[in-house]
Structures are given as structure tokens and as C-alpha cells.
Amino acid sequence: MKNEEKYLKSQIGTRNPFTVPEGYFDSFTARMMEQLPERTPVAVAPSRQHRLRVWLYAAACAVLGLFGTAVYFSQLESADSSELSVASTSIENYLDEAADYVMVDNHDIYACLASDY
């Protein structure tokens, strides 16, 4: 490989054999635009079927949002206070287990809360 490189350098030298005529890229954009065919813009109006489909999608999203909101609020009203206390107890248990897992004590929590970001 080294011999081939030495041979090529001895034959060609270190000059670049590829050149571009002077001022070639100065008017390149104008020449390229002249060669492109002229096109007229075509305005395409959306079809009636397309507009109907868009309205149907919007209506379906609105119905789904209303249904989801109604279900959420109905479940929220039907929840008993005992269920809420059970849920808060389970969250506290989860947080205690997570703190035990990462071995974080109160001192570490206070230091994290008091540190400047």
C-alpha cells in the first residue's frame, strides 16, 4: 500500500488534478433556473368528501372527550372516603418502600430539599 502511494505521488505529485473554471459558481443558480421548465401553480380545492371526513373526525374526538370526562367525574363522585384513605395509605407505603430501597433517610431528604439548584 505504501509503495502504491509513493508511486502515485511520484507520478502525479501533490497537486489536485481537478479544477473548476473561474466564475463557474457565480452564475450557476441563474443558469440552472433558466434550464428548468416553467410550471404554473395549480390550486386544488378540498373535495366534499374530504371536508366531511375532517368534520367527522372532529366530532368523534369531541364525543370521546366528553365521554371520558363524564366517566372520570362519575367515578370521582362515587368514591367513598374509605377508598380515598386506602389509596393514600398505599401511596405512603409505596413511598416508604421506595425510600428504604434507595436507602434515603431524613437527613438526606432535608439536604436535597435545602440544596440550591
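Below: a short report on this structure. Residue numbering note: each chain is counted from 1, following its sequence as written. Given that this is a predicted model, residues contribute local features only at a pLDDT of at least 70 and side-chain atom pairs are listed and counted only at 80 or more, while totals for whole chains, interfaces and linings are drawn from all residues. Side-chain numbers come from the whole structure's heavy atoms, not from hydrogens or water.

## Section: the overall build of the protein chain
The condition that has to hold: Secondary structure elements follow DSSP: runs of H or I of four or more residues count as helices, runs of E of two or more count as strands, with numbering from the N terminus. Buried means the residue's accessible area, taken with a 1.4 Å probe over protein chains only, is under 20% of the maximum for its type, while exposed means over 50%, and partly exposed covers the values in between. All accessibility values rest on the Shrake-Rupley procedure with a 1.4 Å probe; residue burial counts only the protein chains present in the view.
When its secondary structure is counted, the protein chain shows 5 helices and 0 strands. Seen in sequence order, the protein chain has helices and strands lined up from the N terminus as α-α-α-α-α. Classification of the 117 residues of the protein chain by burial places 0% in the buried group. Within the structure as shown, the protein chain displays about 11900 Å² of accessible surface, and the carbon and sulfur contribution to it stands at 62%.

## Quick word on a negative patch on the surface
How we decide: A patch consists of residues whose relative accessible area exceeds 30% and which take part in no salt bridge; residues with like charges are grouped when within 9 Å of each other, and nonpolar side chains (Val, Leu, Ile, Met, Phe, Trp, Tyr) when within 5 Å. Salt bridges are defined as contacts in which a side-chain nitrogen from Lys or Arg sits within 4 Å of a carboxyl oxygen from Asp or Glu. Positive: Lys, Arg. Negative: Asp, Glu. His and the chain ends are not part of the count. Each charge is placed at NZ for Lys, CZ for Arg, CG for Asp and CD for Glu.
A contiguous patch of negative charge, built from Glu-92, Asp-96, Glu-97 and Asp-100, is present on the exposed surface. When you line up the elements, Glu-97 lands in helix α4 (residues 81–102). Residue Glu-97 is classed as exposed on the basis of its relative accessible area, which comes to 56%.

## Focus on helix α1 (residues 2–12)
Little of α1 sits out of view: just 0 of its 11 residues are buried. Among the residues trailing α1, Gly-13 stands out with phi positive, at a value near 90 degrees.

## Observations regarding the packing of aromatic side chains
Quick note on the threshold: Two rings from Phe, Tyr or Trp (for Trp, the six-membered ring) form a pair when their centres are within 6.5 Å of each other. A pair whose planes differ by under 30 degrees is stacked, one over 60 is edge-to-face, and the rest are tilted. We call a charge positioned over a ring when the NZ of a Lys or the CZ of an Arg lies within 6 Å of the ring centre and within 35 degrees of the ring normal.
By the definition in use, this model includes 4 aromatic pairs. Judged by centre distance (5.0 Å) and plane angle (85 degrees), the ring pair of Tyr-24 and Phe-25 falls under edge-to-face. Looking at Tyr-24, the relative accessible area reads 34%, which means it is partly exposed. Since its relative accessible area comes to 57%, Phe-25 is described here as exposed. Among the aromatic side chains, those forming a connected cluster through ring pairs are Tyr-24, Phe-25 and Phe-28. For Arg-31, the ring lying beneath its charged end belongs to Tyr-24, and the centroid distance is 4.8 Å.

## A short note on a nonpolar patch on the surface
Residues Tyr-7, Leu-8 and Ile-12 make up a contiguous nonpolar surface patch of about 320 Å² in total accessible area. With respect to the helices and strands, the residue Ile-12 is situated in helix α1. The class for Ile-12 is partly exposed, based on a relative accessible area of 43%.

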